[in-house]
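# Fold and contact review
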Amino acid sequence: MKTSNSGLSGLTRTFLCGVAAAALAMPAAAQAQGQDDASVEDDIASGNAIIITATKREATLQETPVAVSVTTAETLQREEIRDLKDLQTVVPSLRVTQLQSSANTNFIIRGFGNGANNAGIEPSVGVFIDGVYRSRSAAQISDLPNVSRIEVLRGPQSTLFGKNASAGIISIVTSEPSFTPEATAEVSYGDYDAIVLRGYLSGPLSENIAASIAAGYSGREGYNEDPASNSTTNQRDRWFVRGQLLFDNGDNFSARIIADYDSIDENCCGVVNLQPSSFTQAIQLIGGEVNTPAAAFDNVVYNNFPSTNEVENYGISAQLDYDVNDVFTLTSITAYRETAGDFGQDVDFTSADLLQRFNNQKLETFTQEFRVNADWDRITALAGLFYFDESVREDQRVAYGNDFRPFANVLTNQLLGQSLTQAEATLGTLAGVGTDYVGTFFVPGTVESGFFTLDNQALSLFAQVDFEITDRLTLTLGGNYTMDDKTGTTNYQSTGVFSNLDLVVLGNRAIVAQGAPQAIAIGVCQQVPVACAGTVATEAEIAALASGTSPAGAAGAAAFPLIQAGAIAQVQAFADANDTNPNVNPLLQAQALQNFPRFVNIPNSVEDGKTSDNDFSWTARLAYDINPDLNVYVSYATGFKASSFALSRDSRPAPGDAAALANAGLLFNNQTFGSRFAGPEESEVIEIGLKGNWGNYSANLTGFRQDIDGFQSNVFTGTGFFLANAGKQRTWGVEFEGMANPVDPLTLNLAVTWLDPTYVSFPLSPYGNISGTTPAGIPEWTVVLGGQWAQPLGNGDSLLLRSTYAFESDTQIVDGLPGFLDPTLPDGGQAQAIAAAAAFTRQVDELSASITYVFEDAGAEFSIWGRNLLNDRYLLSLFDSPAQPGSISGYPNQPRTWGATVRIGF
């Protein structure tokens, strides 16, 4: 990474919009009707003949020498794929997980990807909808509206797509408004009272203007019962509306304007207990309920109140295309978007009212892309710029519930041998504040609150050239220079009395208070034997020695202060050497309840809260047409992802800044350290591919080695997330995708991915040095096998039988569980933390199927469908249970679902 002190403030939105408007001033309208030939071709093409725009120019999949998977509109319909989360069942190198809330959806390609659980962390997989970048998962997971196709580009794509494409790209392309009137409607009903309503209307407003409007609603009861809150979780309650306006002069200019709004209001996501601990038993002692591990897949969860997941997402974009002449085409894509989220969750995941977390999130994003495409005899090229300006604000609050104090009372009896009130009095005495602490620990209400902000400006300059060296051999060279500036601020603080006590210091005093009398009694007998009847002086003997009435007389009284001071000094030395030893300091066991220490805000005199990253990414590729049906390519590409901030309560100063912060007087009692941000990711891939298209048969084969240096790892520790760079992760892989149409009614497809990942270097993981190990969550084998039989009937109608099987080989789910680390063990508990996670693995065997009757003359069809028909149950992820050290919780997957759908259109 190179850093620069120069910002991007001079590149204003006004300037960039002015450039785009001046370059693409609307020509006079011609008297011709525009047609959307590309979308018509999409409807009829299949296999490697599908038209795609993966390299920002139209070409068939066969002609595009990159690793890309394409999912057509027909596949989306037949597989009942509603949003991007469902897409992984047909794209084997893609994994999508939804955790914690409706907006926390994580996209992973070839085992690389992150960014869901923190608004300050941008994803490694970029999501684009009609050329507009969606920077956060909250803006990505709405239902898919009238999609033409979805392209998944695998491997680094930063040359053409900029800073947050270090692992790949998901590009969603929707249908343009049509100059031929058309309309579609869809009604679906399924189990859990699932209802889907969709409608689409498009047609001409004039000879050169067409418009479309799409709207939809998706609702469902949750598949997890929650008896404690009298609700269900993993519901679905979302709707959208999307309007488009297309101007096409029929000659050399078109303008497409899109405005959309979508809303989500759901209770998500269900968590189950996988391994209880003594802390879990303490919850049960106060009447709290939690599932047993054996019932993890019984679709029952426990929360004391339903979660809140309210997301509003809206925006407007304009794409202008102008053919200057037969060589040059100018394109401008301007977009402004806002996303607002309101979230609330019972974060202890039990029926007891222990911990509550609330956060509000607001994102405002402006993007401007301007590019020029050129096409000469043997050279095609493009060049452009992309500007990104985003502001993020997140307000967070954590509160103790009404049951936390009774819960803590059980634990202080177990850990300290005192009731909570007694412990408050004891700690008050040790702290020198008398009874001030009594009644102040774990009281219901806010324990910490505040807000976080992030301002981000980025500019990318990019270009790519394809040069036909011969009729069969093409050389591609491309580059992208990106500048990215971020400024983060925090205004957050903890008010929890107990969390901010220094139990090491207070424990030191407790050791002295407990040990000093015994040491004095022994010292008296050792130094003044005549004053003792035994080897340990009684209280009466000590009092007599101090008053001069013992057999030692006045000389003994004079010696007593020295004996006393020496004994106390001896005990103090012992306490100083052992106050961090839990076997000596009795208070350290209660540190498990200190979940909310004080917060050091930024910027401060030591930390400026700013990052400035520069990077040059590039691509080199050779593609060779062996014959008209078969081509091969070899490529090298690099990718880049800018620095990410821990924009949450988990933002903690780095240990390396501790001394400077202490000298500046900025540290607090019981200070914790961690990370503020993670530096950039830099990726590279070496790839060789083979693409073949033989009419009814097509096949694509890719082999690659992909590395990411500084992979931004964001691991949940049980009390928060730890953000850090993971050194280097390397993956060797092979991908195959094929389609066959051996006889007219039958179409078969097969996709296979083999991955062999390794942490080449990860010395500072939350659970120690795991360099050389295999990253968790990445299956070695992923297979998607599907088939469709389209049987014509004698009356002109047809019957479609379709089925898809998705398989993932057994893999460990997470690398480790930091809650099992133990500083008293020789390795710090690293082996214990890794072993706790190794007990949980996942294998996926999901089968989906549909039967569709197509009424040809009526333009209608009726489908009966099912997803996960084998009811395969597995864990999406697992983590240390909050407020329950030694306990493990996890997210189960969705069970079997089924339904029926009616579609009609003209």
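Described in the following lines is the structure provided in the data block. (Residues numbered from 1 in each chain as written. Predicted model: local features only at pLDDT ≥ 70, side-chain atom pairs only at ≥ 80, totals over all residues. Heavy atoms only, no water.)

## A short note on the overall build of the protein chain
- When helices and strands are counted, the protein chain shows 12 helices and 40 strands.
- Over its C-alpha atoms the protein chain spans a radius of gyration of 32 Å, differing by no more than 12% from the 29 Å that the globule rule assigns to 906 residues.
- If one aligns the C-alpha atoms of the protein chain with their principal axes, the spans along those axes are about 120 × 60 × 45 Å.
- For the protein chain, the residues scored as buried account for 57% of the 906 residues in total.
- Considering only contacts in the protein chain between residues 6 or more positions apart, those separated by 24 or more positions represent 70%.
- Taking the 48 positively charged and 99 negatively charged side chains of the protein chain as two groups, their mean positions are separated by 3 Å. (Helix = DSSP H or I, 4+ residues; strand = E, 2+ residues; numbered from the N terminus. Rg over C-alpha atoms; globule rule 2.2 N^0.38 Å. Buried < 20%, exposed > 50% of the residue type's maximum accessible area, 1.4 Å probe, protein only. Contact = heavy atoms within 4.5 Å. Lys, Arg positive; Asp, Glu negative; His and termini not counted. Charge placed at Lys NZ, Arg CZ, Asp CG, Glu CD.)

## Notes on the environment of A567
- Positionally, A567 belongs in helix α10 (residues 553–578).
- Taking relative accessible area as the criterion, A567 reaches 4% and is therefore assigned buried.
- Apart from residues lying up to four places away in sequence, A567 is in contact with A519 and I520.

## Things to note about the state of the cysteines
- Throughout the structure, instances matching the rule amount to two disulfides.
- A sulfur-sulfur separation of 2.3 Å characterises the disulfide bridge that pairs C525 with C532. The sign of the -95 degrees torsion about the S-S bond sets the C525-C532 disulfide as left-handed. C532 shares its class with C525; the two are buried.
- Looking at the protein chain, its bonded cysteines, counted consecutively from the start of the sequence, adopt the pairing 1-2, 3-4. (Disulfide = S-S within 2.5 Å.)

## What to know about the packing of helix α6 (residues 404–416) against helix α7 (residues 420–431)
- Where α6 meets α7, the axes come as close as 8 Å, and the angle between the chain directions of the two elements is 70 degrees. On the basis of the axis angle, α6 is roughly perpendicular to α7. Of the residues in α7, those touching α6 at R405, A408, N409, T412 and L416 are L420, T421, A423 and E424.
- Per-class residue counts for the contact of α6 with α7 are four nonpolar, three polar and two charged. (Axes fitted to C-alpha atoms, helices over the stretch in contact; angles between N-to-C directions. Parallel < 35°, antiparallel > 145°, perpendicular 65-115°, else oblique. Nonpolar A, V, L, I, M, F, W, Y, C, P; charged D, E, K, R; others polar.)

## Some remarks on the packing of aromatic side chains
- Tallied over the entire structure, the rule returns 30 aromatic pairs.
- Arranged with centres 5.4 Å apart and planes meeting at 80 degrees, the rings of F404 and F407 form a pair that is edge-to-face. On the criterion of helical spacing, the pair formed by F404 and F407 is a turn pair, its members being three residues apart in helix α6.
- Of the residues examined, F404 reaches a relative accessible area of 0% and is grouped as buried.
- The class for F407 is buried, based on a relative accessible area of 0%.
- Among the aromatic residues, ring-to-ring pairing joins Y400, F404, F407, Y437, F441, F442, F498 and F596 into one connected group.
- Cation over ring: K56 sits above F161, and NZ or CZ is 4.9 Å from the ring centre.
- Across from the ring centre of F704, 3.7 Å away, lies the NZ or CZ of R110, which sits over that ring. (Phe/Tyr/Trp six-rings, centres within 6.5 Å; stacked < 30°, edge-to-face > 60°. Lys NZ or Arg CZ within 6 Å of the ring centre and 35° of its normal.)

## Some remarks on the pairing of strand β33 (residues 746–761)
- The pairing of strand β32 (residues 728–743) with β33 spans 14 bridges and is classified as antiparallel. Bridge pairing links W732 to D756 in β33.
- Here β32 hands over to β33 after two residues, the two strands then running antiparallel side by side.
- As defined by bridge partners, β33 adjoins strand β34 (residues 781–792) across nine bridges and the pair is classed as antiparallel. Opposite N749, over in β34, you have G786 as the bridge partner. (Pairing = 2+ DSSP bridges.)

## Here's the deal with the pattern of salt bridges
- Scanning all chains against the criterion turns up 33 salt bridges.
- One salt bridge in this structure joins R903 and E861, with 3.3 Å as the shortest N-O distance. Placement of the pair is R903 in strand β40 (residues 897–905) and E861 in strand β37 (residues 860–867), with a sequence separation of 42 residues. In this pair, the class of R903 matches that of E861, namely buried.
- One salt-bridge network, in which partners are shared between bridges, spans R110, R154, E687, E735 and E737. (Salt bridge = Lys/Arg side-chain N within 4 Å of Asp/Glu carboxyl O.)

## Points about the side chain of S188
- Of note, S188 is situated in strand β10 (residues 182–190).
- Among the residues examined, S188 registers a relative accessible area of 3% and is labelled buried.
- A polar contact of 3.2 Å, which involves the side chain of S188, links it to the backbone oxygen of A900.
- When sequence neighbours within four positions are dropped, the list of residues in contact with S188 reads R82, A194, I195, V196, W865, A900 and T901. (Polar contact = N/O pair within 3.5 Å; in protein donor to acceptor, adjacent residues only side chain to side chain.)

## Observations concerning the nonpolar core
- Membership of the largest hydrophobic core comes to 44 residues, with the highest contact counts inside it found for L84, L87, I150 and I170.
- Of all the secondary structure elements, the ones that give two or more residues to this core are β4 (94–98), β5 (105–109), β6 (125–129), β8 (147–154), β9 (168–174), β17 (272–275), α12 (830–838) and β38 (875–880).
- When sequence neighbours within four positions are dropped, the list of residues in contact with L87 reads T71, L76, I81, L94, I150 and V152.
- Formed by 42 residues, the second largest nonpolar core is a distinct cluster that contains A119, F404, A408 and L593. (Core = buried A, V, L, I, M, F, W, Y, C linked by side-chain atoms within 4.5 Å.)

## Re the sheet that holds β17
- Spatially, β17-β39-β38 is the arrangement adopted by the three strands of the open sheet, whose pairing is antiparallel. Both edges of this open sheet fall to β17 and β38, since each of them pairs with a single strand only. Direction aside, neighbouring strands of the sheet carry axes that sit 35 degrees apart on average.
- The pairing of β38 with strand β39 (residues 888–892) spans five bridges and is antiparallel.

## What to know about the sheet that holds β6
- The strand order β3-β8-β9-β6-β7 describes an open sheet built from five strands, whose pairing is mixed. Every other strand in the sheet has two partners, leaving β3 (68–72) and β7 (132–134) as the edge strands with one partner each. Neighbour-to-neighbour, the strand axes of the sheet open up by a mean angle of 20 degrees, direction not taken into account.
- Alignment of β3 against β8, held across five bridges, turns out to be antiparallel. Bridge pairing in β8 places V70 opposite E151.

## Looking at unusual backbone geometry
- Of note, the amide linkage connecting C268 to C269 takes the cis form, showing an omega dihedral of 10 degrees.
- The residue C269 is located in the loop between β16 (253–266) and β17 in this model.
- In this structure, P603 follows I602 across a cis peptide bond, with omega equal to 5 degrees.
- Tracing the chain through its elements places P603 in the loop between α10 and β24 (610–627).
- Phi at N234 is positive, roughly 60 degrees, even though this residue is not glycine.
- Note on placement: N234 falls in the loop between β14 (231–233) and β15 (236–248).

## A word on the environment of E79
- For E79, the position within the fold is in the loop between α3 (73–78) and β4.
- A residue is classified by how much of its surface remains accessible, and E79, at 4% relative accessible area, is buried.
- Sequence-wise, E79 and R867 are 788 residues apart; in three dimensions their C-alpha atoms are separated by 8.1 Å.
- Ignoring any residue separated from it by four or fewer positions in sequence, one finds E79 in contact with V90, R802, T804, S848 and R867.

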